[in-house]
Amino acid sequence: MKKCIVLILAMIMICTTAFAAGWSQGLGPEKPYTGTPKINFNENIGYMMLHPVPGSAVTPGTDTLRIFMPREDVLTGAGTLYLYTDRVQEPEELPVNAETMIARPMTEVELDALLWGSGTVFEIKLSKPLEANNSFHVQMTEGCIVAQDYDTPSPAFDKNDIWYFNTMTKNIVEEIMYYHVEDQQEKAVPAEAVQVGDTAKLSIVMAEDAVSAAVYCNAGTILPTQYSFTESTETTVSFPAAGEVEWGIIFMDADGKLLNNVAFRTTVMPAE
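Below: a short report on this structure. A quick note: this is a predicted structure, and the numbers were derived from the prediction, not measured.

The helix and strand inventory of the chain stands at one helix and 21 strands. For the chain, the spread of C-alpha atoms along the principal axes amounts to about 75 × 40 × 30 Å. Classification of the 272 residues of the chain by burial places 42% in the buried group. For the chain, the share of sequence-separated contacts (at least 6 apart) that also reach a separation of at least 24 residues comes to 66%. If you sum the accessible surface of the chain, you get close to 14900 Å²; carbon and sulfur atoms cover 51% of it. Here the chain contributes 16 positive and 36 negative side-chain charges, whose respective centroids are spaced 8 Å apart.

Sheet architecture is open: five strands sit in the order β3-β12-β10-β6-β7, paired in mixed fashion. The outermost strands of the open sheet, each flanked by one partner alone, are β3 (56-57) and β7 (92-96). Bridge analysis of β3 against strand β12 (residues 163-166) gives two bridges, and the strand direction is parallel. Bridge pairing links Ala57 to Asn166 in β12.

This paragraph deals with the packing of aromatic side chains. This structure, assessed with the given rule, holds six aromatic pairs. Here Phe157 and Trp163 contribute two aromatic rings whose centre-to-centre distance is 6.4 Å and whose plane-to-plane angle is 75 degrees, an arrangement assigned as edge-to-face. Take Phe157 and Trp163: they sit in the same class, and that class is buried. Centre to centre, the rings of Tyr178 and Phe239 are 6.1 Å apart; their planes meet at 35 degrees, and the pair counts as tilted. With Tyr178 in strand β13 (residues 172-182) and Phe239 in the loop between β19 (233-238) and β20 (243-252), the pair connects residues that are 61 residues apart, well separated along the chain.

Let us look at the pairing of strand β10 (residues 135-140). Most of β10 is tucked away: five of the six residues are buried. Of the strand pairs in this sheet, β10 and β12 are connected by four bridges, and their pairing is antiparallel. Across the sheet, residue His137 finds its bridge partner in β12, namely Tyr164.

Taken in spatial order, the four strands of this open sheet run β18-β16-β20-β21, and their pairing is antiparallel. Each edge of the open sheet carries a strand with a single partner, namely β18 (228-229) and β21 (258-268). The pairing of strand β16 (residues 212-219) with β20 spans seven bridges and is antiparallel. By the bridge assignment for β20, Ala219 is matched with Glu246.

If you look at the biggest cluster of nonpolar residues, it comprises 26 residues, and the most contacted ones within it are Ile67, Met140, Ile145, Trp163 and Phe165. Counting only elements with at least two residues in this core, the list comes to β2 (48-51), β4 (64-69), β6 (79-85), β7, β9 (120-125), β10, β11 (145-147) and β12. Discounting residues that sit within four places of it in the chain, Ile67 has contacts with Met48, Met49, Leu50, Thr120, Val121, Phe122, Met140, Ile145 and Trp163. Counting 23 residues, the second-largest nonpolar core is a separate cluster that includes Tyr178, Val189, Ile204 and Phe251.

Thresholds, definitions, all that
Residues numbered from 1 in each chain as written. Predicted model: local features only at pLDDT ≥ 70, side-chain atom pairs only at ≥ 80, totals over all residues. Heavy atoms only, no water. Helix = DSSP H or I, 4+ residues; strand = E, 2+ residues; numbered from the N terminus. Buried < 20%, exposed > 50% of the residue type's maximum accessible area, 1.4 Å probe, protein only. Contact = heavy atoms within 4.5 Å. Areas by Shrake-Rupley, 256 points an atom, 1.4 Å probe, with all protein chains shown as cover. Lys, Arg positive; Asp, Glu negative; His and termini not counted. Charge placed at Lys NZ, Arg CZ, Asp CG, Glu CD. Pairing = 2+ DSSP bridges. Phe/Tyr/Trp six-rings, centres within 6.5 Å; stacked < 30°, edge-to-face > 60°. Core = buried A, V, L, I, M, F, W, Y, C linked by side-chain atoms within 4.5 Å.

Take a look at the structure:
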């Protein structure tokens, strides 16, 4: 049996003025960086860049896993991807095939970022976004990626220290409660019983790395008492119309980087 070992490289920022218009002299799919060993494709499917990067903290709400490879002759194979969450006993099982793990050529921006002259990225959409303050690791069966002209499938990721990451953050919505006014009295109601005119009260907690938080709405209608915040606070949102409402709170740092996206989906029923 041919030995099949994958060397996983962390995606790091490389200070350089070079651009990935093509491979530099002496480099290529078998040897993408100076100082890395040259891969024999008859024995190994080659280098992979995993995203999220192993060991990294990623933004809650991330919903796509990616595998970058400096090869153009690779395709989606078949198998199963398992997403393990520390707080959940059983992993989420995602079938791997050409429809669920999309293979596409890397963009020029992606190639420039990795200093490659060519490459393919595999994208697999998760069934739901990654929730905040959890740790995850990914396992995959052998053969999820195959090469067109070589009998060297991708190896199994069968340990929890190969592809692991977390969504730890202190920027959160600590509590949300829905209320309905009846006979001039405010009464708490479950999320599934919200009606037109009801209100959501929530506590926004901002950590030191956040400079702003803002209420947003992707679908439906909400009426926030305040749209943006610069410190931890309590606020309210009301629902003036029936329908499904997609809304939430985003947290940003001083450079405009997204720190967390706390999303809600509220079905608003007509008022009785």
